[in-house]
Amino acid sequence: MVHARYGATPSPGALFGAQARSRYASVCSHCRRNRVNDEPKAAKSIDVLIIGAGFGGLAMAHTLDELGSVNYLIVEKADSVGGTWRDNIYPGAACDVPSHLYSLSFAPNPFWSRLFPGQSEIRAHLEALSAGWRAKQRIRFGWTLRSMNWDAGARLWRVQNAGGECIDARVVVAAMGGLHVPSWPDIPGRDSFAGAQCHSARWRQEISIADRRVGVIGTGTSALQLIPELARTAASLHVFQRTPVWVLPRPDFAIPHFLQRAFSAFPPLRLALRGMLYLLLESMSLALLKPRSAFWVKAIARRHLRKQVGDVAMRAALQADYPIGCKRIAMSSDFYPALTRDHVRLETMGITAIEPSGVRLSDGRLIELDVLVYATGFRPMDVLASVDVLGEAGQSLAAYWADRPRTANGVAVPGFPNLFFVLGPNTALGHNSVLYMIESQVRHISRQLRQMRVDGSTRIEATAGAEARFMQHIDQAFPRTAWAGGCRSWYLNAHGRNIALWVGSSYAYRRRTAHLRSDDYTID
Ligand code: N01
């Protein structure tokens, strides 16, 4: 994007206050000249632009509210908040982290109805809490990011949407989620299928399952939640498994009303439960970081399979043979029972083609289907790579990340000043609540913004040293972990490099980001 002419650009000085706001009313080439508007939804210039209104974006906004006097705007491509919990509406969609842990610490919900909440309850929770926040008045919906240019002279980002509208932002926080772009497998003939088809992450509610011949490709976490639900009403269900997964029991139950009331009346009780759940899941990090110590987790998974699947051949087909945790460990108590139903078939032969009437397998069989569901996961981190982000001296973020995404602390990149990520590369977890990571990150970013305010600065940039230290930590520890156990997973890119996971306990990440190291960032 080329900017032919700018309006009045802000001069360096106080940031995040009325004074700074009134100074910079600028426009980019495709935009109409517009004065800074105190109504943030209509603003063309803003202190902090947050992209995405899921857990990450809303948590960032709430943290800025606590910082005070920050003029921020959230832009969201959809027409409601919720992020992943708005998009993933497939039957059975739920969280596999217990609800009292899968909530923001500053926005608890004592009234979760189950230990593992369903998608609609989590989405309603996000809607309800954001409705009471100042952030809700500061979201512009239907705004899809197309490009971002760092203007070094003006020290701000020129951000443009798909419709050509521009916003100038002193600071951008990209909170678009790591698992956002569905992955469609490259199977020959995919578009030739004559029946109805959809991806689990883009579920089409108009597709009827009842009494239809249904196929599901994939046996990851999404598939394991989806399959038992589809099995209830489908005439037949074929599950196409390429690689078996390790499955642990899912001890879900309804939380009785008296307990919900007790959690509300006596918060320490809820906090004690949250703390216990945190420690329990955090202890799993040991099994992932030191796979030899994971024998007890394997034993639980093997016993679960033995208990639920009587047929020896089927059991062998479902037994994973890579280190547990290499792929995300699934939790389900109804996946195996669903597979043993008479009208459900587990197919383990490879898929060679999709044909108009169904799926062709490598043994030559054609499985005839009316509905085909791709539960084939996501292209992690693709959401940013698909946007034109040009930093200092016009450097492209996609080019900088061509080999693999590299960041300082998972939140910033040298050469891209005033740009932060929430749930960026190498900050996902394989064992605990990702909301804990989100909170670590928004606090870290907020500390940087506070420092900028204290210093009266307009530019902050991660140092090359900070990036090197972070990536060195990720790379040094990784080969000894379960994730490097030789399986295929969304944690790794095509070259087998870890692009998604933080390597360590979530507490270690919290500690790492709890302070601003003076050699991690340069603040002008
Ligand atoms: O995706 P996945 P997911 N032919 O990548 C198969 C989060 N999540 O959507 O293993 C045949 O795990 C692929 O096979 P293989 C969670 O972090 C959270 O299920 O590559 N099969 C695999 O079985 C999770 O880890 C919740 O051999 C093909 C499946 O598709 C992440 O989302 C709930 C294929 C993809 O599994 C992703 O989970 C749900 C092909 N060409 C999801 N291509 C919570 O509860 C792919 N597959 C919080």
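Residues numbered from 1 in each chain as written. Predicted model: local features only at pLDDT ≥ 70, side-chain atom pairs only at ≥ 80, totals over all residues. Heavy atoms only, no water.

Trainee: Where do I start with the side chain of Glu 347 in this structure?
Mentor: In this structure, Glu 347 sits in strand β12 (residues 344-347). At 2.9 Å, the side chain of Glu 347 and the side chain of Arg 365 are in polar contact. (Helix = DSSP H or I, 4+ residues; strand = E, 2+ residues; numbered from the N terminus. Polar contact = N/O pair within 3.5 Å; in protein donor to acceptor, adjacent residues only side chain to side chain.)

Trainee: Any chance you could explain the site of the ligand here in plain terms?
Mentor: Around the ligand, the surrounding shell holds 23 residues, and the nearest of these are Asp 96, Ser 222, Thr 243, Lys 327 and Trp 490. In this structure, an oxygen atom belonging to the ligand sits 2.9 Å away from a side-chain N or O atom of Arg 242. The side chain of Arg 488 places a nitrogen or oxygen atom 3.2 Å from an oxygen atom of the ligand. The protein chains hide 84% of the 920 Å² of surface that the ligand would expose on its own. In terms of residue count, the dominant contributor to the shell around the ligand is helix α5 (residues 221-233) (3 residues). Partitioning the shell around the ligand into residue classes produces 9 nonpolar, 9 polar and 5 charged. (Near = heavy atom within 4 Å. Areas by Shrake-Rupley, 256 points an atom, 1.4 Å probe, with all protein chains shown as cover. Nonpolar A, V, L, I, M, F, W, Y, C, P; charged D, E, K, R; others polar.)

Trainee: How do you make sense of the pattern of salt bridges when you look at a structure like this?
Mentor: Pairing is possible between side chains of opposite charge, provided their charged atoms come close. Summed over the entire model, instances satisfying the criterion amount to 31 salt bridges. Two residues, Glu 392 and Arg 459, come together in a salt bridge whose shortest N-O distance is 2.2 Å. Separated by 67 residues along the polypeptide, Glu 392 in the loop between β17 (388-390) and α12 (397-400) and Arg 459 in the loop between α13 (434-455) and β19 (460-462) bring together distant segments of the chain. Look at Glu 392 and you get partly exposed, because its relative accessible area is 24%. In this structure, Arg 459 and Asp 524 form a salt bridge, with 3.5 Å as the shortest nitrogen-oxygen distance. On the criterion of sequence distance, the pair formed by Arg 459 in the loop between α13 and β19 and Asp 524 in the segment after β20 (521-523) is long-range, its members being 65 residues apart. Asp 524 gets classed as partly exposed once you look at its relative accessible area, which sits at 41%. (Salt bridge = Lys/Arg side-chain N within 4 Å of Asp/Glu carboxyl O. Buried < 20%, exposed > 50% of the residue type's maximum accessible area, 1.4 Å probe, protein only.)

Trainee: Please explain the side chain of Asp 168 as it appears in this structure.
Mentor: Along the chain, Asp 168 falls in strand β6 (residues 166-174). Separated by 2.8 Å, the side chains of Asp 168 and Arg 158 make a polar contact.

Trainee: Sorry if this is basic, but what is going on with the layout of surface pockets here?
Mentor: A probe matching the size of a water molecule, rolled over the atoms, marks out where space remains unfilled. Quantified by volume, the second largest pocket comes out at close to 530 Å³. As for the second largest pocket, its lining consists of 22 residues, and the residues nearest its centre are Leu 248, Leu 280, Leu 281, Met 284 and Met 331. Counting only elements with at least two residues in the lining of the second largest pocket, the list comes to α7 (267-289) and α8 (295-308). When residues of the lining of the second largest pocket are assigned to their parent elements, the largest contribution, 5 residues, is made by α7. (1 Å grid on protein atoms, 1.4 Å probe; cavity = no way out; pocket = protein on both sides within 12 Å on 5 of 7 lines; lining within 4 Å. Points joined across faces, edges and corners; volume = space filled by probe spheres on them.)

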